[in-house]
Amino acid sequence: MTDDGRLSWEPTIERYLAHLAGTGRSTETVKQRRAQLTRLARDLGAASPSDVTLVLVEQWLAVQDWSHSTRRGHVAALKGYFRWLEREGLVQRSPVDDLAVVGITRPNPRPVPETGYQFALQVADDRERLMLRLAGEAGLRRGEVAQVHTRDVVEDLLGRSLIVHGKGGKQRIVPLKADLAAELLALPPGYVFPGAIDGHLSPAYVAKRVRRLLPEGYSMHKLRHRFGSKAYAVSGDLAAVQDLLGHESPVTTRLYVKVPDAPKRAIVDAI
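Reading guide: rules and limits
- Residues numbered from 1 in each chain as written.
- Predicted model: local features only at pLDDT ≥ 70, side-chain atom pairs only at ≥ 80, totals over all residues.
- Heavy atoms only, no water.
- Helix = DSSP H or I, 4+ residues; strand = E, 2+ residues; numbered from the N terminus.
- Contact = heavy atoms within 4.5 Å.
- 1 Å grid on protein atoms, 1.4 Å probe; cavity = no way out; pocket = protein on both sides within 12 Å on 5 of 7 lines; lining within 4 Å.
- Points joined across faces, edges and corners; volume = space filled by probe spheres on them.
- Phe/Tyr/Trp six-rings, centres within 6.5 Å; stacked < 30°, edge-to-face > 60°.
- Buried < 20%, exposed > 50% of the residue type's maximum accessible area, 1.4 Å probe, protein only.
- Arc of directions from axis to C-beta.
- Polar contact = N/O pair within 3.5 Å; in protein donor to acceptor, adjacent residues only side chain to side chain.
- Nonpolar A, V, L, I, M, F, W, Y, C, P; charged D, E, K, R; others polar.

(A) Broad picture of the side chain of histidine 225. Relative to the helices and strands, histidine 225 is located in helix α10 (residues 221-235). When neighbours within four sequence positions are excluded, histidine 225 is seen to be in contact with Pro109, Arg110, Pro111, Leu255 and Tyr256.

(B) Representation of the layout of surface pockets in the model. What the second largest pocket holds in volume is close to 290 Å³. As for the second largest pocket, its lining consists of 15 residues, of which Glu137, Lys177, Phe227, Ala231 and Leu244 are closest to the centre. When contributions to the lining of the second largest pocket are tallied by element, the ones reaching two or more residues are β3 (171-175), α10 and α11 (238-245). The dominant element in the lining of the second largest pocket, judged by the number of residues it contributes, is α10, at six residues.

(C) A look at the packing of aromatic side chains. Applying the stated criterion across every chain yields a total of four aromatic pairs. Judged by centre distance (6.1 Å) and plane angle (20°), the ring pair of tryptophan 9 and tyrosine 81 falls under stacked. In this pair, tryptophan 9 sits in helix α1 (residues 9-22) while tyrosine 81 sits in helix α4 (residues 68-87), placing the two residues 72 residues apart along the sequence. Side by side, tryptophan 9 and tyrosine 81 carry an identical accessibility label, which is buried.

(D) Spotlight on α11. Among the residues of α11, those classed as buried are Val241, Gln242 and Leu245. Viewed along the axis of α11, the buried residues span an arc of 105°, placing them on a single side of the element. Elements that come into contact with the buried residues of α11 comprise β3, α10 and α12 (250-254). Where α11 begins, one side-chain oxygen reaches toward the backbone nitrogen of alanine 239, 3.1 Å away; that side chain belongs to aspartate 237. Where α11 terminates, the next one or two residues include glycine 246, which has phi positive at roughly 80°.

(E) Representation of helix α6 (residues 126-136) in the model. Across the eleven residues of α6, eight count as buried, placing the element largely inside the fold. Within the span of α6, buried status applies to Glu128, Leu130, Met131, Leu132, Arg133, Leu134, Ala135 and Gly136. Buried residues along α6 sit in contact with α5 (114-123), α7 (142-146), β2 (160-165), α8 (178-185), α9 (203-211) and α10. Where α6 begins, the capping side chain belongs to aspartate 125, and its oxygen is found 3.1 Å from the backbone nitrogen of arginine 127.

(F) Region of interest: empty space enclosed by the protein. By the definition in use, this model includes one cavity of 30 Å³ or more. In this model, the largest cavity occupies a volume close to 30 Å³. Taken together, Leu140, Glu144, Gln147, Val148, His149, Asp152, Leu162, Ile163, Val164 and His165 make up the full set of residues lining the largest cavity. Here the lining of the largest cavity gets four residues from one element, more than from any other, and that element is β2. For the lining of the largest cavity, the residue count by class is five nonpolar, three polar and two charged.

By themselves these figures say nothing about function.
See the structure below:
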C-alpha cells in the first residue's frame with residue numbers, strides 16, 4: 001500500500017509475477033512481463049494501479065512507436081495484470097477490460113535467406129553452429145535452444161527426436177536430422193550450452209551470439225521462419241508445421257510460413 005492506503009505498483013506486480021510462475025509460465029515469460037509492467041508503472045504517471053483509467057492507458061499506447069508484435073505483447077501484459085487484480089479483489093473492475101485487443105497482422109514471414117544461413121554456418125564456431133541448426137533446422141525458439149539437454153535426445157521408431165521445453169512449460173517432440181542428433185549425442189552429458197542461468201546459457205545471450213552471424217536485419221527468430229517455410233514447402237501440411245513449431249493456433253503458424261510461389265502460379269495457370 002502507498003502512504004495513503006492505496007495499492008502500490010511494485011508489490012502487486014511481484015505477486016502477479018509469482019502467480020504466473022506458479023501457473024507454469026516460463027522464466028522468460030515472467031521476465032518479459034516484469035519488464036512490460038515496470039515500464040507501464042513508470043510511464044503512466046499514476047501513483048497507484050487504482051488510479052489507472054482506460055483513457056490514461058489509451059493515451060500512453062497512442063504515443064508508443066512500437067512494432068505490431070511489441071504492442072500486442074504490452075496489451076496482453078496489461079490485460080492479464082489488471083484481470084488478476086480484479087480477481088484478487090484489489091481493484092473493483094479492470095480499467096482495461098474495454099481496451100481493444102491488438103489483432104494478428106497479415107502474414108509477412110521473413111525467413112533468413114539460404115545464402116545467409118549457409119554463410120553463418122561457415123563462420124560460426126562449433127557451439128554457435130549448433131545454435132543455428134537447432135533454430136534453422138528444428139525450429140526451436142531462443143529459449144528452447146538455451147535449454148537443450150543431452151537427455152532430451154530420444155530414440156523413436158524412425159530415428160532420433162528432441163524433447164523441446166517450450167513456452168509455459170509445454171513440451172513437444174521434434175524429429176532431428178541424423179547428423180544433428182549425432183552431434184548432440186557426442187557431447188558430454190548435460191546442457192548442450194552450459195551457463196549460469198539454471199545451468200545453461202540465457203536465451204538473450206544465445207540470441208546475441210546467433211544474431212551477429214546472420215545478415216543485417218535478421219534475428220534468430222527469423223530462423224524459425226526459415227524452418228516453418230521450408231517445412232511447409234516440402235509437406236504442404238500446415239497442421240504438421242504447427243505441431244513442429246509448438247503453436248497453439250494455425251493462425252500463428254501462418255505468420256511464419258512463406259508460401260512458395262510455384263503452387264500459387266500453378267493455381268493461376270490452371271484457372
